[in-house]
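Chain residues, written in single-letter form:
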Amino acid sequence: MNAYLETLASLGGLIPIDYAWMIQVFIVIFVALLINYLAKRFFDSLQRRFQATRNPWDDLLLEAARKPVGVMIWVQGLLLALDIMRLHADMDLLGLIDVARRVSVILLLTWFVVRLVSGMERLLSDPEARRKPMDLTTAKAISKLLKAAAIITSGLVLLQTLGFSVSGVLAFGGIGGIAIGFAARDLLANFFGALMLYFDRPFAVGDWVRSPDREIEGTVEDIGWRLTRIRTFDQRPLYVPNSVFANIALENPSRMFNRRIFETIGLRYQDADKMQPIIDQVKSYLEQHPELETEKRTLIVNFNTYGPSSLDFFVYTFTKTTNWVEFHRIKQEVLLHIFELIRAAGADIAFPTRTLHLAEADQLTDSPLQQMSQS
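Residues numbered from 1 in each chain as written. Predicted model: local features only at pLDDT ≥ 70, side-chain atom pairs only at ≥ 80, totals over all residues. Heavy atoms only, no water.

**Remarks on the sheet that holds strand β7 (residues 311-319)**
Our working rule: Between any two strands, at least two bridges found by DSSP are needed for them to pair. Where helices and strands are cited, they refer to DSSP runs of H or I of at least four residues and of E of at least two residues respectively, numbered from the N terminus. Note on geometry: axes are C-alpha line fits, over the in-contact stretch for helices, and angles between N-to-C directions span 0 to 180 degrees. Here, two residues are considered to be in contact whenever any of their heavy atoms come within 4.5 Å of each other.
Overall, antiparallel pairing links the 3 strands, which are arranged β5-β7-β6 in an open sheet. Two strands close off the open sheet at either side, each with one partner strand: β5 (259-267) and β6 (300-306). This sheet shows a mean twist of 20° between the axes of neighbouring strands, independent of strand direction. Both β5 and β7 contribute to a ladder of 9 bridges, which runs antiparallel. Across the sheet, Thr264 pairs through a bridge with Phe314, a residue of β7. Packing of helix α8 (residues 275-287) onto the sheet brings it into contact with β5, β6 and β7, and relative to β6 it is tilted by some 150°.

Okay, structure coming up:
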């Protein structure tokens, strides 16, 4: 092809034979541009066809391959242009171009695998795409492991391509692993702590967690290999090393089945005769409430104790919802209705009172203090 182009340029007489390689470079770049355009049209046509099907995996594969293929076309075109320029340059670039070609293929294949794994993570955890979506924490863990495996494998292949001995590198890693282990104990502890979180799954991304041992409370946003990011309720990001979770007690309110309403209400002592009817009415109201779980959970409405200024009974029940805002709405509704039942029964809720008994006037006159004042 080079001889043909040189002959064509010399016959035309328009460009000197020494500059014929410029035409070859221009043709290579033009062909790369054309192939890239045709590849884009081809991918667009496939995308329209794949969107008409119900299978999401073909769309995922197409989306993962689109950008790497486009970059591959341009990289190979540029390397071919450099190969042509090498023939007319003083520097010997043959070795560098061949290495660059192999390295580019390895990097682009790794990029394709990483994009494919990221798409699989989104697809497996998307509730709109699957009837039973995978837990987001599990999907992230599998995705990170696959990406790490792809990157490590490509790194070893790159070292082999660049002329390094992979066996020597692995042997050095085995010898230096002991020193690295002592120097990075905290890093390794956090790494294994992340593995513990992925396998034991005490919480997942999106869960509300709190620790009675530490001042940790908020919503889990991300579980990394070293840190877990928790968003506190005042919207501050809290970064917790993964090794901490191996040594603390942790609550996960997001996995509650129900939320509990446990309140003590006091009646006035003069309403003692109305206590039993009020308890019966409150219990009947709670049993019929559609948003309270009274079949699977305990329901108690009982007189409890003689308080300093009230007769106390307590309400013990559970809501069906675990949502924090919805729970407080239901609790407010229940407490206000109980107040209405008490008032309708002719009773009232007690408040702290104190009764002061005064002695009779004649008793004050006979008191020793009064006699002393008269003398």
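On we go from here.
**Comments concerning helix α9 (residues 324-344)**
What counts is decided by this rule: Here a helix's expected span is defined as the number of its residues, less one, multiplied by 1.5 Å. Think of it in three bands: with a 1.4 Å probe and only protein chains considered, a residue is buried below 20% of the maximum accessible area for its type, exposed above 50%, and partly exposed in between. Along the arc lie the directions from the helix axis toward the C-beta atoms.
With 21 residues, α9 should cover 30 Å at 1.5 Å per step; its first-to-last C-alpha distance of 30 Å lies within 8% of that length. Every buried residue belonging to α9 is among Phe327, Ile330, Lys331, Val334, Ile338, Leu341 and Ile342, and all of these are buried. The buried residues of α9 occupy an angular sector of 110° when projected down its axis, which confines them to one face. Residues of α9 that are exposed and point more than 90 degrees away from the buried face comprise Val325, Gln332 and Ala344. The inward-facing, buried residues of α9 abut β5, α8 and β7. Positioned one or two residues after α9, Gly346 has a phi angle of 80°, which is positive.

**Observations concerning the side chain of Thr228**
Note the following rule: Here a polar contact is taken to be a pair of N or O atoms separated by no more than 3.5 Å, where protein atoms must pair a possible hydrogen donor with a possible acceptor and residues adjacent in sequence count only if both atoms sit in side chains.
With respect to the secondary-structure elements, Thr228 resides in strand β3 (residues 227-231). Side-chain polar atoms of Thr228 contact the side chain of Asn242, separated by 2.6 Å. Those residues in contact with Thr228 that lie beyond four places of it in its chain are Leu197, Phe203, Val220, Asp222, Ile223, Leu238, Tyr239, Val240, Asn242 and Phe245.

**Quick look at a nonpolar patch on the surface**
Keep this limit in mind: Note that patches include only residues with greater than 30% relative accessible area and no salt bridge, and the join distances are 9 Å for like charges and 5 Å for nonpolar side chains (Val, Leu, Ile, Met, Phe, Trp, Tyr). In this description, accessible areas are obtained by the Shrake-Rupley approach with a 1.4 Å probe, and a residue is regarded as covered only by the protein chains that are shown. Basic side-chain nitrogens of Lys or Arg form a salt bridge, by our definition, when they fall within 4 Å of a carboxyl oxygen of Asp or Glu.
A surface patch of nonpolar side chains, amounting to about 690 Å² of accessible area, comprises Phe26, Phe30, Val31, Leu34, Ile35, Tyr37 and Leu38. On the secondary structure map, Ile35 appears in helix α2 (residues 20-51). Residue Ile35 is classed as partly exposed on the basis of its relative accessible area of 42%.

**Some remarks on unusual backbone geometry**
Even without a glycine there, the phi angle at Gln235 is positive, about 70°. As for its position among the elements, Gln235 is in the loop between β3 and β4 (237-241).

**Focus on the nonpolar core**
Basically, it comes down to this: We define a nonpolar core as any set of buried Ala, Val, Leu, Ile, Met, Phe, Trp, Tyr and Cys residues linked to one another through side-chain atoms lying within 4.5 Å.
In this structure, Val282, Leu286, Phe313, Ile338 and Ile342 are the most contacted members of the largest nonpolar core, which totals 22 residues. Looking at this core, the elements that each hand over two or more residues are β5, α8, β7 and α9. With residues up to four places along the chain from it excluded, the contact list for Ile342 reads Ile265, Leu267, Ile278, Phe313, Ala347, Asp348 and Ile349.

**What to know about the confidence of the model for the protein chain**
Cut-off, in case you're wondering: The pLDDT value tells you how sure the predictor is about a given residue, anywhere from 0 up to 100.
On average, the protein chain scores 79 in pLDDT, and the residues at 70 or more come to 78%. The weakest mean pLDDT in the protein chain belongs to helix α1 (residues 2-12) at 47; the strongest belongs to β7 at 94. Here residues 1-5 is modelled with pLDDT under 50, and outside its nearest four sequence neighbours on either side it reaches 5 contacts, counting other chains as well. Contacts for the low-pLDDT stretch residues 7-13, under 50 throughout, to residues beyond four places or in other chains number 5 contacts.

**Notes on the environment of Ile27**
Mapped onto the fold, Ile27 is located in helix α2. Among the residues examined, Ile27 registers a relative accessible area of 27% and is labelled partly exposed. For the pair formed by Ile27 and Ala81, sequence separation is 54 residues and the distance between their alpha carbons is 9.1 Å.

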